[in-house]
Amino acid sequence: TYAPQNIRINCLAPGLVDTPAAATITSSPPALKASESMHALGRIGTPAAIAAALDWLLLPESDWITGQVIGIDGGLSTLRTRPKVAP
């Protein structure tokens, strides 16, 4: 709808990021460790990582990117759960 007007619409989809909104998880060592183990990179995100992706989208060189949802989640969305095997 907006592309002919050179308006691009993209979405950043962050995973768990170390912010005050995530404090209930990040302030609990067991919860933080469990969350980190769920991410392919073995850690949670930082606000700087999200800002860097946004900066990249705003570069003139990124002007052909539109209609995208960009996952910034340390690989969490790429992992598949393993089925539990009955004992």
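Whatever comes next refers back to the structure up there.
Bear in mind the structure is a predicted one, so any value in this text is a computation, not a measurement.

> Sorry if this is basic, but what is going on with the overall build of the chain here?
Helix and strand counts for the chain come out as 3 helices and 2 strands. At 17 Å, the chain has a C-alpha radius of gyration far larger than the 12 Å of a compact globule built from 87 residues. In the chain, which comprises 87 residues, the proportion classed as buried is 17%. Intrachain contacts of the chain at a sequence separation of at least 6 include 69% that bridge at least 24 residues.

> Is there a simple way to explain the layout of surface pockets in this structure?
A water-sized probe rolled over the atoms picks out the places where empty space is left. As a volume, the largest pocket reaches approximately 150 Å³. Around the largest pocket sit 14 residues that line it, and Arg 43, Ile 44, Gly 45, Asp 73 and Gly 74 are the ones nearest its centre. A per-class count over the lining of the largest pocket returns 7 nonpolar, 5 polar and 2 charged.

> What should I look at first to understand helix 3 (residues 47-58) in this one?
Helical geometry note: an α-helix holds 3.6 residues per turn, so side chains three or four residues apart project in the same direction. The end-to-end C-alpha separation of helix 3 is 17 Å, in line with the 16 Å expected for 12 residues at 1.5 Å each. Three or more residues of helix 3 are buried, namely Ile 50, Ala 53 and Leu 57. With its buried residues spanning 60° around the axis, helix 3 presents them on a single face. Within helix 3, the exposed residues directed more than 90 degrees away from the buried face are Ala 48 and Leu 58. On the buried face of helix 3, the contacting elements are strand 1 (11-14) and strand 2 (69-72).

Cut-offs and rules
- Numbering of residues starts from 1 in every chain and runs along the sequence as written.
- Note on the predicted model: pLDDT of at least 70 is required for a residue's local features to be given, and 80 or more for side-chain atom pairs to be given and counted; whole-chain, interface and lining totals, by contrast, use all residues.
- With hydrogens and water excluded, all non-hydrogen atoms of the structure serve as input to the side-chain values.
- Helical segments are the DSSP runs of H or I of at least four residues, strand segments are the runs of E of at least two, and each set is numbered from the N terminus.
- Just to be clear, the radius of gyration here is over C-alpha atoms, and the globule rule we use is 2.2 Å times residues to the power 0.38.
- Each residue gets one of three labels from its accessible area relative to the maximum for its type: buried under 20%, exposed over 50%, partly exposed in between, using a 1.4 Å probe on protein chains only.
- By the convention used here, residues are in contact when the closest approach between their heavy atoms is within 4.5 Å.
- Residues are said to line a cavity or pocket when one of their atoms sits within 4 Å of a point; the points come from a 1 Å grid over protein atoms alone, cavities being sets where a 1.4 Å probe fits but cannot get out and pockets being open sets with protein on both sides within 12 Å along at least five of seven lines.
- Grid points are joined across faces, edges and corners, and a volume is the space filled by probe spheres set on the points.
- Three classes are used: nonpolar for Ala, Val, Leu, Ile, Met, Phe, Trp, Tyr, Cys and Pro, charged for Asp, Glu, Lys and Arg, and polar for all others, with Gly counted as polar.
- Working rule for helices: expected span equals 1.5 Å times residues minus one.
- Picture the helix axis, draw a direction to every C-beta atom, and the arc is the one those directions span.

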